[in-house]
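What the coordinates show
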Amino acid sequence: MNKLIKADFARLFKSRIFLIGSMFMIITSLYFTYYHYVQNVEYPQIYNSSDGILSEGANYIYFITALLIGNFVGKDFAYNTIRNKIAVGYTKKEIYLSDLIVCLSASAAIYAVKYIIFLGAESLGFIRKFETPYETIFKMIICSFIFLLAFWALIIFICTLSANIAVSLAVPLILAYAVCNSKFFDMGYPLNYLIFALAVTSGGLIIFTRKDLK
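Residues numbered from 1 in each chain as written. Predicted model: local features only at pLDDT ≥ 70, side-chain atom pairs only at ≥ 80, totals over all residues. Heavy atoms only, no water.

Digging into the side chain of Glu122
Here is the rule we go by: For helices the rule is a DSSP run of H or I covering at least 4 residues; for strands it is a run of E covering at least 2, with both sets numbered from the N terminus onward. To sort residues, take the accessible area from a 1.4 Å probe on protein chains only and compare it with the maximum for the residue type: under 20% means buried, over 50% means exposed, and anything in between is partly exposed. Note on charges: Lys and Arg go in the positive column, Asp and Glu in the negative column, and His and the chain ends are not counted at all. One speaks of a salt bridge when a side-chain nitrogen belonging to Lys or Arg is within 4 Å of a carboxyl oxygen belonging to Asp or Glu. Polar contacts here mean pairs of N or O atoms no more than 3.5 Å apart (in protein, one a potential hydrogen donor and the other a potential acceptor; neighbouring residues in sequence count only if both atoms are side-chain atoms). Contacts: residue pairs with any heavy atoms within 4.5 Å of one another.
Along the chain, the position of Glu122 falls in helix H5 (residues 92-123). One buried charged side chain, Glu122, makes no salt bridge at all; its nearest oppositely charged neighbour is Lys129, positioned 4.1 Å away. At a separation of 2.6 Å, a polar atom in the side chain of Glu122 contacts the side chain of Tyr134. Those residues in contact with Glu122 that sit more than four places away from it in its chain are Ile127, Arg128, Lys129, Phe130 and Tyr134.

Overview of the pattern of salt bridges
Pairing between side chains becomes possible if they bear opposite charge and their charged atoms approach one another. Tallying each qualifying case throughout the model produces five salt bridges. Between Asp76 and Lys85 there is a salt bridge; the shortest N-O distance is 3.4 Å. It is possible to trace a salt-bridge network through shared partners that takes in Asp8, Arg11, Asp76 and Lys85.

Regarding the packing of helix H3 (residues 60-78) against H5
Put simply, the rule reads: Axis definition: a line fitted to C-alpha atoms, over the contacting stretch in the case of helices. Angles run 0 to 180 degrees between N-to-C directions. Note on angle classes: values under 35 degrees are labelled roughly parallel, values over 145 roughly antiparallel, values of 65 to 115 roughly perpendicular, and the remainder oblique. Two helices cross in a left-handed way if the nearer one is turned anticlockwise from the farther one by less than a right angle. They cross in a right-handed way if the turn is clockwise. Charged means Asp, Glu, Lys or Arg here, nonpolar means Ala, Val, Leu, Ile, Met, Phe, Trp, Tyr, Cys or Pro, and polar covers whatever is left, Gly included.
As a packed pair, H3 and H5 sit with axes 10 Å apart at the nearest point and diverge in direction by 155 degrees. Looking at the two axes, H3 sits roughly antiparallel to H5. Judged by the twist between their axes, the crossing of H3 over H5 is right-handed. Contacts between H3 and H5 involve Ile61, Ile64, Thr65, Leu68, Ile69, Phe72, Val73 and Asp76 from the former and Asp99, Val102, Cys103, Ala106, Ser107, Ile110 and Tyr111 from the latter. Within the contact of H3 with H5, the residues separate by chemical class into eleven nonpolar, two polar and two charged.

Observations concerning helix H1 (residues 2-13)
The cut-off we apply is this: Multiplying 1.5 Å by the helix residue count minus one yields the expected span of that helix. The arc in question is the one spanned by the directions pointing from the helix axis to the C-beta atoms.
With twelve residues, H1 should reach 16 Å at 1.5 Å per residue; the first-to-last C-alpha distance of 17 Å fits that figure. Within the span of H1, buried status applies to Leu4, Ile5, Asp8 and Leu12. End-on, the buried residues of H1 take up no more than an arc of 95 degrees, which puts them together on one face. Exposed residues lying more than 90 degrees from the buried face of H1 are Asn2, Lys3 and Lys6.

Now the structure itself:
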């Protein structure tokens, strides 16, 4: 399975969506940092707390990762890559887990970019010190990350079972829009979303291993 994961990571790093999505998050995060820097330097008389920067660009991650996962998993079916993997001896369980590991790792890396930039800018003095304690900030980051894990796990579940690249691209984007515009989704209950992610992943493994790919 290690070879399969390495091959999938190699394919990921060649993905234009992954590269463009990563650069987009880097550029937008640097822009928000620069904006706060300018506000502090040019208008020192106006107090502008740096805490607000932590929520900047939050919605972008949903659409970027939805498109990334949908394209990555969808191409497995569109180009018959899954059948080729099975032909060389990989099991459906290994294929699902490999997609899960690669997609979650890629999405988490993109998610982490903005916080690395924001926290780095704050520690180097480019923006004002956060008023919120670091402990609270890290708890907030972890809670939102767990929520995103549930979101990503659901997308992988949908894309793997749809076996259609058009559906794998459209449905995740619709879901991302729904998450961004609905008050139904509450990140205040991280344990619930962690259980949901585990349940969706377990269900996806069971269904996919029994799925007829012919």
